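# Working through the structure, step by step
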Amino acid sequence: MLLADKTRYVIGVLRITLKLSCFLSCLTTYAVCVANELAKNDSSPTVTVTTIVNVPGMALGGGIAVDSTGNVFFGAGHGPVAGFWESSVIEKATPAGVVTTLAGNWEPPYRVGDGGPNTDATRLSNTSDKERFNGIGSGARFNDPSGIAVDAAGNIYVADTDNNAIRKITPTGVVTTLSSWDGGDAPIGIAVDSAGDIYSTDSFRVWKLTPSGNTTAIAGRKGVSGHSDGAGSIATFGGPRGIAVDNAGNLYVADTSNQLVRKITPKGVVTTLAGNPRTVGLVNGTGPRASFHDPTGVVVDAAGNLYVTDTNNAAIRKITPAGLVTTLAGGMVAGSADGTAATATFDQPSGIAIDRAGNLYVADVGNSAIRKITIGRSPP
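In this report, we go over the structure that sits alongside the text. Everything quoted here is computed from the prediction, not taken from an experiment. (Residues numbered from 1 in each chain as written. Predicted model: local features only at pLDDT ≥ 70, side-chain atom pairs only at ≥ 80, totals over all residues. Heavy atoms only, no water.)

## A word on the pattern of salt bridges
Going through the model one piece at a time under the given rule, you end up with 10 salt bridges. With a shortest N-O distance of 2.7 Å, Asp 310 and Arg 317 are connected by a salt bridge. Look at Asp 310 and you get buried, because its relative accessible area is 0%. Here Arg 317 falls in the buried class, since its relative accessible area comes to 0%. Salt bridges linked by common partners bring Asp 185, Asp 202, Arg 205 and Lys 222 together as one network. (Salt bridge = Lys/Arg side-chain N within 4 Å of Asp/Glu carboxyl O. Buried < 20%, exposed > 50% of the residue type's maximum accessible area, 1.4 Å probe, protein only.)

Shown next, in the form of structure tokens:
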């Protein structure tokens, strides 16, 4: 090759190398710009977990709710009683941390035939028993209440599980029974919408109770366990527990035994939002790529994000409206430490509630504690 040809060849290679270098540099700069813009628009949240109520030896019922002024309501009781750890009262914790009993009695919980003070009683299925266990404050009785919800007026709604009843407590502590069914599956989770409609889960179905007292099953089939999507009774569940309702009337259900989080539209169409049927794990991802270990409580914020207590993963998970699952705090290792998302630990988190400011409240059953999760945004 002549010298002139060699020179032209080298120059050509240098030009190609320079163009490629410039191209890669542009790509890198573009990627950095995109990343910076995403960071500005979606800064990583700063998460702080604190304990606001802690009573060692207290049996938490698992349900929790918070009203518009920041009062937190939860089920509690002594244990064990006849071998059972059960709740029998509804407690109220003010924003200042003062805890009082709103309704119920700290006597051993009412249980049919347990040899206790109520051995002559039957369930709440007839009028005399409804009147016997309704009342004001400590004059009322509950039997292992699970889910708790609160409406805009400050009324509390309780899934009184072992009494097979839905109960209402006014802000002054007056307890009445809205619905009861003997021989049916016991209510577990509960939610209330802005119209006053109450939604509840049992072992296989999701129910709706209107203010006029009409009760209908809107999804699932009695006695049939499964994870089929579909409308109404075509859909199946496996031990659903927590339930939440958004401003558009969509319901979200923690389908515990199926390791799923389900969505029910106002027309009763059930779909699976996240999780892999009956697959246990602690994997973040979208839709079926994510996994849980007994999701129990669920709540929805104003933007449509869900927060789920992943009970046996000792974690709090977040699910976006698109079904992207991330771990907000805790995970795998059980404990009681307060702190940041990376350092805080939980032990069997169960119920979960959200206030107007977006703070979360968790019934941390294994720690006999109520935990508060504050979610902020990192500075730009």
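## Points about the pairing of strand β27 (residues 360–364)
For β27, the buried fraction is high: 5 of the 5 residues fall into the buried class. Burial along β27 is two-sided: the residues Leu 360, Val 362 and Asp 364 and Tyr 361 and Ala 363 are all buried. Across 4 bridges, strand β26 (residues 349–354) lies against β27 in antiparallel orientation. Bridged to Ile 354 within β27 is Leu 360. Between the end of β26 and the start of β27, which pair antiparallel, lie 5 residues, with Gly 358 showing a positive phi angle near 90 degrees. (Helix = DSSP H or I, 4+ residues; strand = E, 2+ residues; numbered from the N terminus. Pairing = 2+ DSSP bridges.)

## Let's talk about the sheet that holds strand β3 (residues 72–77)
Taken together, the 4 strands give an open sheet; going across it, the order is β2-β3-β4-β5, and neighbouring strands pair in antiparallel fashion. At either end of the open sheet lies a strand with only one pairing partner, and these are β2 (59–66) and β5 (99–104). Pairwise comparison of adjacent strand axes, ignoring direction, gives a mean angle of 30 degrees for this sheet. Judged from the 5 bridges that link them, β2 and β3 form a sheet pairing that is antiparallel. Among the inter-strand pairings, Leu 60 is bridged to a residue of β3, identified as Ala 76. (Axes fitted to C-alpha atoms, helices over the stretch in contact; angles between N-to-C directions.)

## Here we look at the environment of Gly 139
Along the chain, Gly 139 turns up in the loop between β6 (135–136) and β7 (148–150). Note: C-alpha distance between Gly 139 and Ala 103 (36 residues apart in sequence) is 7.6 Å.

## Some details on unusual backbone geometry
Positive phi is not limited to glycine here, since Asn 164 has a value of about 50 degrees. Positive phi outside glycine occurs at Ser 368, with the angle close to 50 degrees.

## Considering the packing of aromatic side chains
A complete count under the given rule lists 0 aromatic pairs for this structure. Here the guanidinium or amino end of Arg 262 rests over the ring plane of Phe 237, the centre of that ring lying 4.9 Å away. (Phe/Tyr/Trp six-rings, centres within 6.5 Å; stacked < 30°, edge-to-face > 60°. Lys NZ or Arg CZ within 6 Å of the ring centre and 35° of its normal.)

## Observations concerning the sheet that holds strand β12 (residues 198–201)
In any sheet, the strands associate via hydrogen bonds between backbone groups, in a parallel or an antiparallel arrangement. Strand order in the open sheet made by the 4 strands is β11-β12-β13-β14, with antiparallel pairing throughout. Only two strands of the sheet have a single partner each, and these edge strands are β11 (190–192) and β14 (215–220). Along the sheet, successive strands turn relative to each other by an average axial angle of 20 degrees, direction set aside. The sheet contact formed by β12 and strand β13 (residues 205–209) spans 4 bridges and is antiparallel. Bridge assignment links Tyr 199 to a residue of β13, and that residue is Lys 208.

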